[in-house]
Amino acid sequence: MPARRLGVAIVGLGGAVATTAAAGLEMIRRGAVDLSGLPLAESTQAGLAPYQNIALAGWDLYPDDLASACRQHGVLAPAELDLVRTELESVRPWPAIGNVKFCRNVAGREGANLTSMRDQIDSLKDDLKRFKADSGVDSLVVVHLASTERLVDITLPQFATPEAFEMALDANDDEIGPAMLYAYAAITSGIPYGNFTPSVSADIPALKELARRNGVPIAGKDGKTGQTLVKTVIAPALRGRALHVDGWYSTNILGNRDGLALDDPSSLASKLDTKGSVLDSILGYKVENHKVFIHYYPPRGDDKEAWDNIDFTGFLGHRMQMKINFLCKDSILAAPLVIEIARCLDLAKQRGHGGVLEELGVFFKAPQMTNGAEPEHAWPEQERQFRDWLDNGTGRAEKSLKAAAASLADVG
């Protein structure tokens, strides 16, 4: 049986994360690198598309070919880029759907003559159909990597049901951001959708329900790559040792386009919203002095620094501290996760999963859940749930249904 071929349509194809993923996949195809940093490289799970068989395309507000964009971001060394320059130069993003009301610090070319939201959605769907036909892949996945949009109130009535959302689209409701349009276009095309950003998209109730009805897997949101990953590893250990966290001070500096977008207070609020609730959930109490700061610092580029100071109390009331300085390459951490999320969403579609795929929560700061359930944030438990789903095809939702059915049988 031929190996599966997967097309991944990326929102924000010209960004640092996407261009790093594109370059990495080309290097893998050439045999120029090993599979270091890819969490599922050793998985033998049938149905996962081989890395060599993944084709990337997508949208961006900037028209540069991927080689030029990759060079501007400065993630890869010139010698690395030279290995795949020809392939990356042949790829240019499709015109993106943008709205400066949702992301003020990042502007560029947008789709021309698309005055209504319905027109914009039709254009996105046409792009997806053309990509599938031209690439000859077996299936598609859409992954959102665009710059962070401002916060949106997901409890607004127009976001409550698919029917209400359809009416809001017809009215060009100004509370509907670009991220929601991409999610809607994917879901109504039967294409799995993953949100690697803090932007509000498929997490509104209307789109979650639409994905369930259409049998389309969705997952998100906000990729967990650096500081929050560290928190979800350290916090369970502190709780397990009965060490009470009195305060946790976190600060970040980064200088890439993501940092520029977050230099706008409204976009920053979206990012802080996804980072803030993790500790309280893991520890089981509110950390009164949990401070999180993100600063745009252009000289740092993609080399992000995350610094944490943890104050905690132990036996006999003695106070102690832990300090962590995480010097990392933002896109080098994120790009492999984007690839694995796409492969897993495609696998979920093959397995017949529809709606929120909770088991991919291990990849996200604010995992999407169904039925108002609280997400699991502790890394060890997230990883266990994910590997169980990957290996056995059984997730939390299926287990709950089986348990309920068994309980009813016992009562009968």
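Analysis parameters
Residues numbered from 1 in each chain as written. Predicted model: local features only at pLDDT ≥ 70, side-chain atom pairs only at ≥ 80, totals over all residues. Heavy atoms only, no water. Pairing = 2+ DSSP bridges. Helix = DSSP H or I, 4+ residues; strand = E, 2+ residues; numbered from the N terminus. Contact = heavy atoms within 4.5 Å. Axes fitted to C-alpha atoms, helices over the stretch in contact; angles between N-to-C directions. Polar contact = N/O pair within 3.5 Å; in protein donor to acceptor, adjacent residues only side chain to side chain. Phe/Tyr/Trp six-rings, centres within 6.5 Å; stacked < 30°, edge-to-face > 60°. Buried < 20%, exposed > 50% of the residue type's maximum accessible area, 1.4 Å probe, protein only. Lys NZ or Arg CZ within 6 Å of the ring centre and 35° of its normal. Expected span 1.5 Å × (residues − 1). Core = buried A, V, L, I, M, F, W, Y, C linked by side-chain atoms within 4.5 Å. Salt bridge = Lys/Arg side-chain N within 4 Å of Asp/Glu carboxyl O. Parallel < 35°, antiparallel > 145°, perpendicular 65-115°, else oblique. Left-handed = near helix turned anticlockwise from the far one by under 90°. Nonpolar A, V, L, I, M, F, W, Y, C, P; charged D, E, K, R; others polar. Patch = residues over 30% accessible without salt bridge, like charges linked within 9 Å, V, L, I, M, F, W, Y side chains within 5 Å. Areas by Shrake-Rupley, 256 points an atom, 1.4 Å probe, with all protein chains shown as cover.

*Asks:* Looking at this structure, I do not really get the sheet that holds strand β1 (residues 6–11). What am I missing?
*Replies:* Strand pairing in a sheet relies on backbone hydrogen bonds, with the paired strands running either antiparallel or parallel. Read from one edge to the other, the open sheet built from seven strands follows the order β3-β2-β1-β4-β5-β6-β11, with strand pairing classed as parallel. Where the open sheet ends on each side, the last strands, each with one partner, are β3 (94–95) and β11 (355–356). Sheet topology places β1 next to strand β2 (residues 54–60); six bridges connect them, and they run parallel. Counted as the bridge partner of alanine 9 is alanine 57 from β2. Its contacts with the sheet put helix α1 (residues 16–30) on β1 and β2, and the angle it makes with β2 is roughly 160°. Its contacts with the sheet put helix α12 (residues 330–350) on β1, β2, β4 (139–144), β5 (193–195) and β6 (217–220), and the angle it makes with β4 is roughly 135°.

*Asks:* Honestly, the side chain of histidine 144 in this entry has me stumped. Any pointers?
*Replies:* By the element assignment, histidine 144 lies in strand β4. Here the side chain of histidine 144 touches tyrosine 193 through a polar contact of 3.5 Å, side chain to side chain. Residues within four places of histidine 144 in sequence aside, it is in contact with Val11, Ala179, Tyr182, Tyr193, Gly194, Asn195, Phe196 and Thr197.

*Asks:* In this structure, what is going on with the packing of aromatic side chains? I would like to understand it.
*Replies:* Pairs of aromatic rings are described using the distance from one ring centre to the other and the angle between the two planes. Enumeration according to the criterion identifies 10 aromatic pairs in this entry. Here tryptophan 94 and phenylalanine 131 contribute two aromatic rings whose centre-to-centre distance is 5.8 Å and whose plane-to-plane angle is 65°, an arrangement assigned as edge-to-face. Taken together, the residues span a long stretch of sequence, with tryptophan 94 in strand β3 and phenylalanine 131 in helix α4 (residues 117–135) at a distance of 37 residues. For the pair formed by tryptophan 94 and phenylalanine 131, the shared burial category is buried. Taking the centre distance of 6.3 Å and the plane angle of 50° together, the rings of phenylalanine 159 and phenylalanine 165 count as tilted. The same class applies to phenylalanine 159 as to phenylalanine 165, namely buried. Here the aromatic cluster, defined as three or more aromatic residues joined through ring pairs, consists of Trp59, Trp94, Phe131 and Tyr182. Lying over the aromatic face of tyrosine 51, arginine 343 brings its terminal NZ or CZ to 4.0 Å of the ring centre.

*Asks:* What am I meant to see in α12 here?
*Replies:* Across its 21 residues, α12 extends 31 Å between first and last C-alpha, which sits within 8% of the 30 Å expected from 1.5 Å per residue. Burial within α12 is extensive, with 17 of its 21 residues counted as buried. Taken from the residues just after α12, glycine 352 is the one with a positive phi, measuring 85°.

*Asks:* Honestly, the nonpolar core in this entry has me stumped. Any pointers?
*Replies:* Where a protein is soluble and globular, its nonpolar side chains tend to be buried together. In terms of nonpolar packing, the biggest core is built from 52 residues, with Phe196, Leu360, Phe386 and Trp389 touching the most fellow members. Listing elements by their share of this core, those giving two or more residues are β1, α1, β2, α2 (66–73), α3 (78–89), β4, α12 and α13 (379–392). Listed in part, the 43 residues of the second largest apolar core include Leu169, Met180, Tyr184 and Ala211.

*Asks:* In this structure, what is going on with the environment of tryptophan 389? I would like to understand it.
*Replies:* The topology assignment puts tryptophan 389 in helix α13. Note: C-alpha distance between tryptophan 389 and glutamate 358 (31 residues apart in sequence) is 9.8 Å.

*Asks:* Sorry, what's going on with the pattern of salt bridges here?
*Replies:* Two side chains bearing opposite charge may form a pair once their charged atoms approach each other closely. Taken as a whole and assessed by the stated rule, the structure comprises 21 salt bridges. One salt bridge connects glutamate 87 with arginine 30, and the closest N-O pair in it is separated by 2.9 Å. Taken together, the residues span a long stretch of sequence, with glutamate 87 in helix α3 and arginine 30 in helix α1 at a distance of 57 residues. Judged by relative accessible area, glutamate 87 falls into the partly exposed class, the value being 24%. Between aspartate 246 and arginine 319 there is a salt bridge, with the nearest N and O atoms lying 3.3 Å from each other. Linking aspartate 246 in strand β7 (residues 244–254) with arginine 319 in strand β10 (residues 319–329), this pair joins segments that are 73 residues apart in sequence. It is possible to trace a salt-bridge network through shared partners that takes in Glu163, Glu209, Arg212 and Arg213.

*Asks:* Sorry if this is basic, but what is going on with the packing of α1 against α12 here?
*Replies:* Describing two packed helices takes the angle between their axes plus the distance from one axis to the other. Direction vectors running N to C along α1 and α12 enclose 70°, while the axes themselves pass 8 Å from each other. Judged by the inter-axis angle, α1 sits roughly perpendicular to α12. For the crossing formed where α1 meets α12, the hand is right-handed. Seen from α1, the contacting residues are Ala16, Val17, Thr20, Ala21 and Leu25; seen from α12, they are Ser331, Ile332, Ala334, Ala335, Val338 and Ile339. Class assignment of the residues belonging to the contact of α1 with α12 gives a composition of nine nonpolar, two polar and no charged.

*Asks:* Just to check I follow, could you spell out the pairing of β4 for this structure?
*Replies:* Looking along a regular strand, one sees side chains alternate from face to face of the sheet. Buried residues dominate β4, accounting for six of its six residues. Here β4 shows no split at all, with Ser139, Val141 and Val143 on one side and Leu140, Val142 and His144 on the other all buried. Relative to β4, β1 runs parallel, the two sharing six bridges. Residue pairing across strands places leucine 6 opposite serine 139, the latter belonging to β4. In the sheet, β4 pairs with β5 via three bridges, with the strands oriented parallel. Note on β5: the bridge partner recorded for valine 142 is tyrosine 193.

*Asks:* Just to check I follow, could you spell out a nonpolar patch on the surface for this structure?
*Replies:* On the surface, a nonpolar cluster with roughly 260 Å² of combined accessible area is contributed by Tyr249, Phe293 and Trp307. Its location among the elements puts tyrosine 249 in strand β7.

Any functional reading would require information that these geometric values do not contain.
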